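Examining the three-dimensional arrangement
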Amino acid sequence: MTRLAFACAIGVLLVAVAVLQPSAAQSRRPAGTEHKGKAFRFNKVKEGIYHVVGTGTLTVVGNSSIIVNDNDVIVVDDHVSPAAAWVLLDEIKSITDKPVRTVINTHFHFDHAHGNQIFGKNVDIIGHEFTRDMLLKGNPLQMPLYKNYLEGLPRQIEDLRKRVATEADSTRKATLQAQLISAESNRASQAELTPTPPNVTLRTQMTLYRGDREIQVRFLGRAHTAGDVVVYLPKEKVVMTGDFLTAALSNMSDAFVNEWPATLDELKKLDFETVLPGHGEAFTDKAKIDYFQAYLRDVWTEVSRLKQQGVSNEEAAKRADLARHKEHFPTIQGPGVPIIAVTRIYELLDRGGGR
Ligand SMILES: [Zn+2]
């Protein structure tokens, strides 16, 4: 072989290697991807639009949504860990061979944005400026919501190990074993976590155009966090809402509880039919927004009243009675509100209503 032919052969080889590299994700399989069976259900909502919900074989926590365009794929939210996001990308291949070029974070919470790190440098990760700030400078690993979650994992694993060891029924034992694998995988993946902020930000609105499709990313006001965005597809009349609007009650640890109902009024102004929430199944019943607004107004009033009476936050968490909302929110069993919500409302009141 001449020197020139040799150089050409090497060149062809290098190009081939570059082409074969996965474009969207790191080539290395992260720790903690072990699971049995499919990790995700891809629920088709409209042509090219899927609501992606975990099956329980892998810990994924939040939902994602997938938008398959003419030449690329957009992922909205990427779950609780690098492993969960890696498996999501792997399973997307059963739907399309188009590359994921864009990720949108609806907000900064760990169960929606901790998969960010597995996407390659060529992938745009879009989020609100506040989401970038929180993931970049907000010390995301020290945030109480995430810290509590992480600190609970060893106990959860220990508990599952004991239950597997003592369970006599073989079917129940198998279920517990699968849960144990899922919990151990999750812990292994959390150990590799590097919080990764959006590399494209917005303050109020941006629009992506993909062929005939219009994809609006909109900040409608403070609500579940100070930087929630919804992803709105006007032609398909679909909106992806993260935790700003879920199928049930949403966590309030970083919320602006008193502003949330007005921000939901802004959502109501959009012309949509289907909601793809960050937790729970997709829904079309817009009355859910009214029920949630009513709950938020009542929890704010009730907890404010207790604070005014000098009741401690622990005591208020036991006494605050929102039971009248249990018809629409079955997780409400009787009096009592999560302490995390009460503590947040007390904090907002101390700040003078949330400024
Ligand atoms: Zn959240």
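Residues numbered from 1 in each chain as written. Predicted model: local features only at pLDDT ≥ 70, side-chain atom pairs only at ≥ 80, totals over all residues. Heavy atoms only, no water.

**Section: the sheet that holds strand 6 (residues 124-128)**
Our working rule: DSSP bridges decide pairing: two strands pair if at least two such bridges lie between them. Helix and strand labels come from DSSP, where a helix needs a run of H or I of at least four residues and a strand needs a run of E of at least two; each type is numbered from the N terminus. Convention adopted: a line fitted to C-alpha atoms gives each axis, helices being fitted over their contacting stretch, and angles between N-to-C directions are expressed from 0 to 180 degrees. Here a residue-residue contact requires only that any non-hydrogen atoms of the pair lie within 4.5 Å.
A sheet is described by the order of its strands in space; here seven strands give the open sequence 1-2-3-4-5-6-7, paired in mixed fashion. Each edge of the open sheet carries a strand with a single partner, namely strand 1 (40-46) and strand 7 (200-202). Taken pair by pair, the neighbouring strands of this sheet meet at an average axis angle of 20 degrees, ignoring direction. In the sheet, strand 1 pairs with strand 2 (residues 49-54) via six bridges, with the strands oriented antiparallel. Bridged to arginine 41 within strand 2 is valine 53. Sheet strands in contact with helix 2 (residues 82-92) are strand 1, strand 2, strand 3 (64-68), strand 4 (73-76) and strand 5 (100-104), and its direction is about 60 degrees off that of strand 1.

**Describing the packing of helix 8 (residues 287-308) against helix 10 (residues 339-350)**
Condition: With respect to orientation, any angle under 35 degrees is reported as roughly parallel, any angle over 145 as roughly antiparallel, any angle of 65 to 115 as roughly perpendicular, and every other angle as oblique. Here the term charged refers only to Asp, Glu, Lys and Arg, the term nonpolar to Ala, Val, Leu, Ile, Met, Phe, Trp, Tyr, Cys and Pro, and the term polar to all other amino acids, Gly among them.
Axis separation between helix 8 and helix 10 bottoms out at 10 Å; the angle between their running directions is 70 degrees. With respect to helix 10, the axis of helix 8 lies roughly perpendicular. In this structure, helix 8 contributes Val299, Trp300, Val303, Ser304, Leu306 and Lys307 to the contact, and helix 10 contributes Val342, Ile345, Tyr346, Leu348, Leu349 and Asp350. Here the residues of the contact of helix 8 with helix 10 sort into nine nonpolar, one polar and two charged.

**Describing the coordination of the zinc ion**
Selection criterion: Distances up to 2.8 Å from the metal define which N, O and S atoms are donors, and 3.2 Å serves for Na, K and Ca; water is absent from the atom set, so sites may look incomplete. Note on geometry labels: four donors, all angles 85 to 135 degrees, give tetrahedral; four donors become square planar and six octahedral when opposite donors are over 155 degrees apart and every other angle is between 65 and 115; remaining cases are irregular.
All of the protein donors around the zinc ion are His107 (NE2), His109 (ND1), His224 (NE2) and Asp243 (OD); their distances to the metal are 2.2 to 2.3 Å. Geometry at the zinc ion is irregular, judged from the four donor atoms that bind it and their angles of 87 to 167 degrees at the metal.

**Concerning the packing of aromatic side chains**
Just so we agree on the cut-off: Any Phe, Tyr or Trp ring, taking Trp's six-membered ring, that has another such ring centre within 6.5 Å forms a pair; planes under 30 degrees apart are called stacked, those over 60 apart edge-to-face, and the others tilted. Residue burial is assigned from relative accessible area. The probe radius is 1.4 Å, only protein chains are included, and a residue is buried under 20% of its type maximum, exposed over 50%, and partly exposed in between. Whether a charge sits over a ring depends on NZ of Lys or CZ of Arg being within 6 Å of the ring centre and within 35 degrees of the ring normal.
Taken as a whole and assessed by the stated rule, the structure comprises seven aromatic pairs. Ring centres of phenylalanine 108 and phenylalanine 130 lie 5.9 Å apart, and the angle between their planes is 75 degrees; this geometry places the pair in the edge-to-face category. Taken together, the residues span a long stretch of sequence, with phenylalanine 108 in the loop between strand 5 and helix 3 (110-113) and phenylalanine 130 in helix 4 (residues 129-136) at a distance of 22 residues. Using a relative accessible area of 3% as the deciding quantity, one classes phenylalanine 108 as buried. In this structure an aromatic cluster arises from ring pairing among Trp260, Phe292, Tyr295 and Phe329. Sitting over the face of the ring of phenylalanine 256, arginine 222 holds its NZ or CZ atom 3.9 Å from the ring centroid. One cation-aromatic arrangement involves lysine 307 over tyrosine 346; the distance from NZ or CZ to the ring centre is 5.5 Å.

**Observations regarding the pairing of strand 12 (residues 274-277)**
We count it as follows: A clockwise course of the path from the first strand over the helix to the second, judged with the strands pointing away from the viewer, identifies a crossover as right-handed.
Burial along strand 12 is two-sided: the face carrying Thr274 and Leu276 and the face carrying Val275 and Pro277 are both buried. Pairing of strand 11 (residues 238-242) with strand 12 involves four bridges; the strand directions are parallel. When the sheet's bridge partners are listed, valine 238 is paired in strand 12 with threonine 274. Handedness of the crossover joining strand 11 and strand 12 through helix 7 (residues 260-268) is recorded here as right-handed.

**Some remarks on the layout of surface pockets**
Short version of the rule: Using a 1 Å grid laid over the protein atoms alone, points where a 1.4 Å probe fits but cannot get out form a cavity; open sets with protein on both sides within 12 Å along at least 5 of 7 lines form a pocket; any residue with an atom within 4 Å of a point counts as lining. Grid points are joined across faces, edges and corners, and a volume is the space filled by probe spheres set on the points.
Within this model, the largest pocket holds a volume of roughly 520 Å³. Every residue lining the largest pocket is counted, 28 residues in all, and those nearest its centre are Leu249, Ser250, Asn251, Met252 and Pro338. Those elements that provide at least two residues to the lining of the largest pocket are helix 3, helix 5 (144-166) and helix 10. Its residues assigned to classes, the lining of the largest pocket comprises 15 nonpolar, 11 polar and two charged.

**Quick word on the confidence of the model for the protein**
Spelled out, the test is: On a scale of 0 to 100, pLDDT captures the predictor's confidence in every residue.
With 92% of its residues at a pLDDT of 70 or more, the protein has an overall mean of 92. Residue range residues 14-24 is modelled with pLDDT below 50. Its contacts to residues more than four positions away, or to other chains, number nine contacts.

**Overview of the sheet that holds strand 9 (residues 213-218)**
The sheet built from five strands is open, its strands ordered 8-9-10-11-12 with mixed pairing. Strands at the two margins of the open sheet, each flanked by one partner only, are strand 8 (205-210) and strand 12. Each strand axis lies, on average, 20 degrees off the axis of its neighbour in the sheet, ignoring direction. As paired elements, strand 8 and strand 9 share six bridges and run antiparallel to each other. Counted as the bridge partner of glutamine 205 is arginine 218 from strand 9.

**A look at helix 2**
Counting along an α-helix, one turn takes 3.6 residues, and residues three or four places apart therefore face a common direction. Helix 2 sits mainly inside the fold: 10 of its 11 residues count as buried. By the burial criterion, the buried members of helix 2 are Pro82, Ala83, Ala84, Ala85, Trp86, Val87, Leu88, Leu89, Glu91 and Ile92. Structurally, helix 2 contributes buried residues whose contacts are with strand 1, strand 2, strand 3, strand 4, strand 5 and helix 6 (170-190).

**Looking at the pattern of salt bridges**
The following threshold applies: Whenever a carboxyl oxygen of Asp or Glu lies within 4 Å of a side-chain nitrogen of Lys or Arg, that contact is scored as a salt bridge.
This structure, assessed with the given rule, holds 23 salt bridges. Here aspartate 90 makes a salt bridge to lysine 93, at a shortest N to O gap of 3.4 Å. Assessed through its relative accessible area of 35%, aspartate 90 is described here as partly exposed. Lysine 93 gets classed as exposed once you look at its relative accessible area, which sits at 60%.

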